[in-house]
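# Residue-level structure breakdown
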Amino acid sequence: MTDVNIKALKFKRKIKLAFYVRKKLAKVPSNKHAVISDLFPIKQDDKWNTEFEFLNIANLILGDNLNGIPHKAEIHFFDADGNHLGFSKIEISSMGRKTLRLAEFLKFNFTSAKTFAVFHDIQNYSLNIGKSFVAERGYCGYEYNRLGVKGYVHGNLDAVTLSDGKIIPIGNKGFISRYFTVQHCLTGPSNYEFIFTNPTSRKVKITPNIMYENSKWKKLQPFSINTKGSYNFNLYVNSGEKVFVRFKSKLYLARPVVFRVSNDSMDVFHG
Amino acid sequence: MKTIGLTGFCDLVYLGPNNWENRIRNDVTIYLLWSDGKNWITQELNNMRYGDYLRIRTDELDEKFFESGLALIYPSSEKLSSKLDLLPDKKVWFSEVPAWRNTSGFINRFTQVSYQADIEPLPSNASLLTFHPFIQFGEVINNLLVLNATRDPSIQKGKINLYNSLDKKFIASHEISTNSLTTIPLDQYDFKSTDLPVFYSPKIAGIPFGLGVAKSGKMLSLEHTHPPASLVLHGERRKVQSQIKKAWIEKLVTQ
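Since we're looking at a predicted model, the values are computed, not measured. (Residues numbered from 1 in each chain as written. Chains lettered and ligands numbered in written order. Predicted model: local features only at pLDDT ≥ 70, side-chain atom pairs only at ≥ 80, totals over all residues.)

### Describing the overall build of chain A
- Within chain A one finds three helices and 22 strands.
- Here chain A holds 271 residues, and the buried ones make up 48% of them.
- Look at the contacts in chain A between residues 6 or more apart in sequence, and 74% of them connect residues 24 or more apart. (Helix = DSSP H or I, 4+ residues; strand = E, 2+ residues; numbered from the N terminus. Buried ≥ 20, exposed ≤ 12 C-beta atoms within 10 Å, placed from the backbone. Contact = placed C-beta atoms within 7 Å.)

### A few points about the overall build of chain B
- Within chain B one finds one helix and 17 strands.
- Each of the three principal axes of chain B carries a C-alpha extent, and together these read 55 × 45 × 40 Å.
- Contacts spanning at least 24 positions in sequence make up 72% of the contacts within chain B whose residues lie at least 6 apart.

### Re unusual backbone geometry
- With an omega dihedral of 5°, the bond running from A:G188 to A:P189 counts as a cis peptide bond.
- Examined against the element boundaries, A:P189 turns out to sit in the loop between β14 (186–187) and β15 (190–197).
- Residue B:P98 is bonded to the preceding B:V97 through a cis peptide linkage, with omega at 0°.
- Even without glycine at this site, A:D164 takes up a positive phi of about 50°.
- As for its placement among the helices and strands, A:D164 is situated in the loop between β11 (160–163) and β12 (166–169).
- When the 9 C-beta atoms within 10 Å are taken as the criterion, A:D164 is described as exposed.
- Unlike most non-glycine residues, B:H234 shows phi in positive territory, near 65°.
- Relative to the helices and strands, B:H234 resides in the loop between β17 (232–233) and α1 (237–253).

### Description of the sheet that holds strand β4 (residues 71–78) of chain A
- Spatially, four strands are ordered β2-β7-β4-β5 (chain A) in an open sheet, and the strand pairing comes out antiparallel. In the strand order of this sheet, the two ends are held by β2 (40–41) and β5 (84–92) of chain A, each with one partner. (Pairing = 2+ DSSP bridges.)

### Topic: the domain arrangement of chain B
Residues and elements named next belong to chain B.
- Splitting chain B by domain gives domain 1 (7–117) and domain 2 (128–253).
- Look at where the C-alpha atoms of domain 1 and domain 2 centre, and you get two points 25 Å apart.
- Every contact between the two is made by 20 residues of domain 1 and, on the other side, 19 residues of domain 2.
- Secondary structure elements with two or more residues in the side of domain 1 that touches domain 2: β7 (102–107) and β8 (112–117).
- Across the side of domain 1 that touches domain 2, the residue classes break down as nine nonpolar, nine polar and two charged. (Domains from an automatic or database assignment. Nonpolar A, V, L, I, M, F, W, Y, C, P; charged D, E, K, R; others polar.)

### A word on the domain arrangement of chain A
Residue and element names in this part refer to chain A.
- On domain assignment, one finds that chain A holds domain 1 (35–169) and domain 2 (173–270).
- Taken together, the 19 residues of domain 1 in the interface contact 23 residues of domain 2.
- Broken down by secondary-structure element, the contributors of at least two residues to the side of domain 1 that touches domain 2 are β9 (139–144) and β10 (151–154).

### Digging into the sheet that holds strand β4 (residues 53–57) of chain B
All names here are of chain B.
- Taken together, four strands build an open sheet; the order of strands is β4-β1-β7-β8 and the sheet is antiparallel. Strands with a single pairing partner mark the edges of an open sheet, and in this sheet they are β4 and β8. Neighbouring strand axes in the sheet, compared pairwise and without regard to direction, differ in orientation by 20° on average.
- In the sheet, strand β1 (residues 7–13) pairs with β4 via five bridges, with the strands oriented antiparallel. If you follow L12 over to β4, its bridge partner there is L54. (Axes fitted to C-alpha atoms, helices over the stretch in contact; angles between N-to-C directions.)

### Concerning the interface of chain B and chain A
- Of the residues lining the interface, 58 residues belong to chain B; the matching set on chain A comes to 58 residues.
- The set of elements that each furnish at least two residues to the side of chain B that touches chain A consists of β1, β7, β8, β15 (207–214), β16 (220–224), β17 and α1 of chain B.
- Of the residues forming the side of chain B that touches chain A, the biggest block, eight residues, is contributed by α1(B).
- Its residues assigned to classes, the side of chain B that touches chain A comprises 25 nonpolar, 22 polar and 11 charged.
- Bridge analysis of strand β8 (residues 133–136) of chain A against β17(B) gives two bridges, and the strand direction is antiparallel. Considered in β17(B), the bridge of A:F133 is made with B:L233.

### Remarks on the nonpolar core
- One finds A:I61, A:F116, A:V134, A:V258, A:V268 and B:V232 to be the most contacted residues of the largest nonpolar core, which totals 130 residues.
- In terms of residue count, strand β2 (residues 28–35) of chain B provides more of this core than any other element does, six residues in total. (Core = buried A, V, L, I, M, F, W, Y, C linked by C-beta atoms within 7 Å.)

Structure (structure tokens):
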């Protein structure tokens, strides 16, 4: 490839980026002391348990448990429509790991919660992180069918920020719709669940498309998600079928968390 | 990827993850690449047309390909020679928002576990520091997997050291290698549910995974740990990562 061709390709890519991804995936919070969190999906019922690995992030950044006091954070809950249901205070006493069982938070309050965010309290720390923001994009563990072993998945999107007591969505979206094709061939017999969250400040419309092997794309019923809301798109795949799925929306990154339930077991991963 | 007792798989889907960034449509040849320590050896596996799906399983290929635990899949628009001095640098299936990936993972007779994988070759001489919150308790086998691939085919050996993040106590050291997948059993160290192990490799970078295998075989768990830069967003994340690594390494190695 000649230098001229390479320059032309780079120029073409810049033009495309200007149309499709004009800004950063996540906005920079205006408050320099803001903290950021993903919106983590909750699966909690007779079949499912959700846990979260709460870590002492401030002291992980500092390299030690320097101040010797418990590390505090808030866990905030949202329903599928994006309504803020409230929060609980959590703390971890030392450097280590505290596994939070979501069932304990949802037992009496927040029963309709579908997602949660974790905001770390960093006001007592001198974190030398310049213009960066502390972000919780850690790990949820999902247990299915009392199998005793969790499937882990990390945070998917930097979705919301807590700034001066307000929770603000920070995801960006474009003005042109685009497809996100899940990089996974769906195989059966299995039930797939794609969980989307909306990290933007406006309602988003998502249109699923599916394609069976050696067939054409077929448009399915679109759905909408409120700001900070979530939606579960389900698809059953029969034995022997191979299916591809893509999602049309204005989201920069319409990447769902994917659950695959098959043969009394499950698999969880990012789309 | 190949590890004890499980079959590795790699599912390739020839459909770009978005419709605007890389509109490649031409046929590609799927190569398996593995290192013999001197060269990358190439094995032509299949051809794929746009829209095709292909599953590659370790138990359907010769064991010699997986002596290091790792063989790489490379879609090529050109014919490759049988031996390569370096990994090919041409990105054929490539995009950034999102990255073009495949589904890799493990299967057994009950279930499967998936991971959205792609790998850019790692620097030949770099360090790794990561925290590991994936150890599970009960009827489960916990392993750490360390994956490394560099452009250079040589298989260099190094150490990964294991510490407790609370008291910085050194626990153990294991050998890892470049261009390999190393499996490290973790249950021998009797971690408590509140422990957060730290892994530090001074000379070999890698992608660390927690692999949990139910003793019944009915559930598999696989997820990668994050580099320290993921604790923050925006700003100079690389600089912050350097600071975090420096702060931890000073404490860990001086114990």
